[in-house]
Each structure stands twice: as C-alpha cells, then as structure tokens.
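# Coordinates in review
Residues per chain are reported as follows:
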Amino acid sequence: MTKPSDVFTLKNSNNVEVAFIARGGQIVSIKVPNAQGEVADVVIGYETVEEALAGDAYYGALCGRYANRIVKGQFELNGEQFQLDVNNGPNHLHGGVDGFNLRVWDVEAITLPKFAQAYQLTLVSPNGDQKYPGELTVKVVYGLTNDNEFVIEYDAASTKDTIINLTSHAYFNLEGAGTGTIADHQLTINADKFTPIDGEIGTVTGEIADVKETAMDFVTGKAINEALVADCPQVKLVDGIDHNFVINGFDGTLKLAARLEHAASGRAMEVYTDQPGIQMYTGSHFDGSEKGKLGAPIEKWAGLAMETQIFPDSPNKENFPNAVLKAGEKYTHTCVYKFI
Ligand code: BGC
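Every value quoted in this text rests on a predicted model; they were computed, and no experiment measured them. (Residues numbered from 1 in each chain as written. Predicted model: local features only at pLDDT ≥ 70, side-chain atom pairs only at ≥ 80, totals over all residues. Heavy atoms only, no water.)

### Some thoughts on the overall build of the protein
Across its full length, the protein carries three helices and 29 strands. Scaling as 2.2 N^0.38, a compact globule of 340 residues should have a C-alpha radius of gyration of about 20 Å, and the protein matches this with 19 Å. Contacts spanning at least 24 positions in sequence make up 66% of the contacts within the protein whose residues lie at least 6 apart. When the accessible surface of the protein is summed, it comes to about 13300 Å², and 49% of that surface belongs to carbon and sulfur atoms. Computing the positive centroid from 26 side-chain charges and the negative centroid from 45, the protein places the two 3 Å apart. (Helix = DSSP H or I, 4+ residues; strand = E, 2+ residues; numbered from the N terminus. Rg over C-alpha atoms; globule rule 2.2 N^0.38 Å. Contact = heavy atoms within 4.5 Å. Areas by Shrake-Rupley, 256 points an atom, 1.4 Å probe, with all protein chains shown as cover. Lys, Arg positive; Asp, Glu negative; His and termini not counted. Charge placed at Lys NZ, Arg CZ, Asp CG, Glu CD.)

What follows is the structure, given as structure tokens:
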C-alpha cells in the first residue's frame, strides 16, 4: 500500500522530470529544460511534500468522480434523482468534499514500450461514494515519452450506471513556478466555441457560444493578458478565465486542444486530448497569502490550469456531450502535455 506522502518520479532522456505523490496522484513538479538547458519547474505548488499535503489539494491533482461543476449537485439518471454534496457555493465541484484529489491512490511502476517511464495509479471508489451510484474502479497511467510528452491515460468502469468526468488539475507557468504570472504567456486554443457562465448559476448556462468578437477568442493565439484586462462580462465574472472551451472537430480521437508559450524563457507546450472540452482556469482565487515554490507568494494568475474533460454540468444539459458511464462499459480519456 502506498502512503499519502510517497513520491514517484518519471524521467526521460532529455532531463524532463515529473514528480507526483500518492495522495490525489498530485503532480508536485514538472521540470523542463529550455534550449539552453536551463531547467524550470513549470507547475505551481509548494516547495515540500509536507506543504503539499497540508495545502490546496487541487494543485496538480486527479479530480473526480465529476471534475468541474454540477448545478446544485443534482442530476437524474434512469429516472432516479441523485443529490451530491454541494461544496462550491450552490454547486458540486470536483467530486465533492472528499474528491479523488484527497484519496491515496495505489501506485505501481509499469513498463510500456511507448514510455521512457510510467506508473499506474489505481483507486476503487465504493458504491455510494460521495453519493455517486456504482462501485467505480479507476486506473490512471502517468507516462513520460522521450519526445517530452507527459501522457495521462484514464480508464474506469462501474458496477452500476453512473456519471463520470475525470481530469488533471496542474496549473502551468512556463517561465517557472514562483517567477510571476501567466499574463505574458501566449495562448492558442483550438476552439471556435465556449460555454458561457452565469454568476447566479455559478457555472455554465447551457449555451454554446462563438468565441468570435469576445475575449475568449484564442483561435489564432494572443497574450493571455489581452483577455485578462478585456472589458468583457465573462472575464469580469471570474476575474480572468474560468471557462470550458469546445475543442474543434471532436470525434473521440486525439486533437490539439491548446498551445501555451512563453517566448522569453523559450518554453512552449501543447495539449492534446480525445475529450470534447478543456477548462482553462487562470487561478483567479489565488491571493498571495500562501507561500509557494521559490518561497514566492502564490499570486492571482500564477498559473494556467488546462483541464481536458467533458463539459461542466453535462448530466443536466441535453446539448452537452454524454457523461453517463453505463455499467460494464468503459470510460477512457487521454490527455497529452507535450513540452517543446
Ligand atoms: C475551477 C475553478 C475552481 C478551481 C478550484 C477549477 O477547475 O474551474 O472554478 O476554483 O478548480 O481549484
């Protein structure tokens, strides 16, 4: 059995190094060299494992059973009404008060030819866990290739019909955690549409809107700051970006979802996924009260979370992708963070 504080490290031939702990499968560092060989830790968080265990448990963690929000924690499945925890204003967030980010995952090293190194993380969530139906067995592979791809492969099955939406919650800063904000990063999102939010509902309205002529238009790429300072009601609602983007051409195969670049430090990354959506979150709730890496306070906009997933509140929105996992069927999801 793994202990919460057990640390596991993946390394490849280019000195890229990913470290995570068993609690939450939480990624605690991703060290990436630039062309000059200067290494930066590109995920925000804490200096030590002790601080990570005591601090914000969403940094870099696996989220489930339903990542993102479900309005009022309610959904209907096969004619039955379910009431989940309400742990975020009026809504259910990231699987509830005891989400997968707080669980101790069983971790074992595995060998797969495509990966320089890989681990499999396993969690069995009992029937009724956080009031979700079905015993859910989740397997997640963290793999690192020699092409600098950090790959996350999710696989889950349930004993009863249920709903599911798993994701990874790392916040990236390509200049390096603790060096400043992501306002000066260039972001391209392969999404002509996004799902607007409403202050009163606390999440998506159900509308699928064009990004064109809004601050959410990252189709051809722009500095994140352009959106952060935009006179745009959607930005003002969350003091930044906390929105789900609809990835163009979703067909269940891997697509480029986004590209993040930091010109001055010479680092870039691309995100690929087979999921229909990606939640972009600029970390607007950070207020500098916590000490992070390099001893620097974790400030507003310190990192960008790029969470590949199904859309928020899909179980209650008929026009959103399906989040139902039928008993005996398989949920799969691949997310690739490729460092360039
Ligand atoms: C959500 C934010 C939330 C954060 C919590 C993100 O995935 O989009 O609204 O505050 O998780 O860490």
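### Quick notes on the site of the ligand
With respect to spatial proximity, the complete set of residues near the ligand consists of Y58, R69, H94, H169, Y171, D242, Q279, Y281 and E307. Here an oxygen atom of the ligand and a side-chain polar atom of R69 are 2.9 Å apart. In the environment of the ligand, an oxygen atom lies 2.8 Å from a nitrogen or oxygen atom belonging to the side chain of E307. Taking 320 Å² as the accessible area of the ligand by itself, protein coverage stands at 93%. (Near = heavy atom within 4 Å. Polar contact = N/O pair within 3.5 Å; in protein donor to acceptor, adjacent residues only side chain to side chain.)

### Details of the sheet that holds strand β3 (residues 27-33)
Here four strands make up an open sheet; going across it, the order is β1-β2-β3-β4 and the pairing antiparallel. Two strands lie at the open edges of the sheet, namely β1 (7-11) and β4 (39-41), each paired on one side alone. Each strand axis lies, on average, 15° off the axis of its neighbour in the sheet, ignoring direction. Bridge count for strand β2 (residues 17-21) against β3 is four bridges, and the pairing is antiparallel. Looking at the pairing, A19 lines up with S29 of β3. (Pairing = 2+ DSSP bridges. Axes fitted to C-alpha atoms, helices over the stretch in contact; angles between N-to-C directions.)

### Quick notes on unusual backbone geometry
The bulk of non-glycine residues show a negative phi, and the bulk of peptide bonds are trans. Here the amide bond leading from G64 into R65 is cis, since omega sits at 5°, within 30 degrees of zero. Relative to the elements of secondary structure, R65 occurs in the loop between β5 (62-63) and β6 (69-70). Backbone geometry places H94, a non-glycine residue, at a positive phi of 50°. Residue Q130 is not a glycine yet carries a positive backbone phi of 55°. The exposure class of Q130 is buried, given its relative accessible area of 16%. (Buried < 20%, exposed > 50% of the residue type's maximum accessible area, 1.4 Å probe, protein only.)

### A few points about the pattern of salt bridges
Per the stated rule, a full pass over the model turns up 16 salt bridges. Between D98 and R103 there is a salt bridge, with its nearest N and O atoms 3.3 Å apart. Because the salt bridges share partners, they merge into one network encompassing D98, R103 and D129. (Salt bridge = Lys/Arg side-chain N within 4 Å of Asp/Glu carboxyl O.)

### Topic: the pairing of strand β29 (residues 331-339)
In regular strands, side chains alternate between the two faces of the sheet. Most of β29 is tucked away, with seven of its nine residues classed as buried. Sheet analysis places strand β13 (residues 149-158) next to β29, joined by eight bridges and oriented antiparallel. The residue bridging V151 from the neighbouring strand is V336, located in β29. Alignment of strand β25 (residues 267-273) against β29, held across five bridges, turns out to be antiparallel.

### Points about the environment of D106
Along the polypeptide, D106 turns up in strand β10 (residues 106-110). For the pair D106 and C335, spaced 229 residues apart in the sequence, the C-alpha separation amounts to 20 Å. The contacts of D106, once residues within four sequence positions are left out, are M1, T2, Q120, L121 and T122.

### Comments concerning the nonpolar core
By size, the foremost hydrophobic cluster in this structure holds 68 residues, and its most contacted members are I30, Y142, F150, F172, F245 and M280. If one sorts the elements of this core by residue count, strand β12 (residues 136-144) sits on top with five residues. (Core = buried A, V, L, I, M, F, W, Y, C linked by side-chain atoms within 4.5 Å.)

### Things to note about the packing of aromatic side chains
With the rule as written, the count across this model stands at 17 aromatic pairs. Measuring from centroid to centroid gives 5.6 Å for Y59 and Y171, while their planes differ by 75°, and the two rings are edge-to-face. Linking Y59 in the loop between α1 (49-54) and β5 with Y171 in strand β16 (residues 171-172), this pair joins segments that are 112 residues apart in sequence. Overall, the relative accessible area of 2% leaves Y171 in the buried class. Put simply, the rings of F8, F20, Y119, Y142 and F150 touch in pairs and so form one group of aromatic residues. The ring of F218 has K222 sitting right over it, with the charged end atom 4.5 Å from the ring centre. In this arrangement the basic side chain of K300 is found over the ring face of W301, its NZ or CZ atom lying 4.5 Å from the centre. (Phe/Tyr/Trp six-rings, centres within 6.5 Å; stacked < 30°, edge-to-face > 60°. Lys NZ or Arg CZ within 6 Å of the ring centre and 35° of its normal.)

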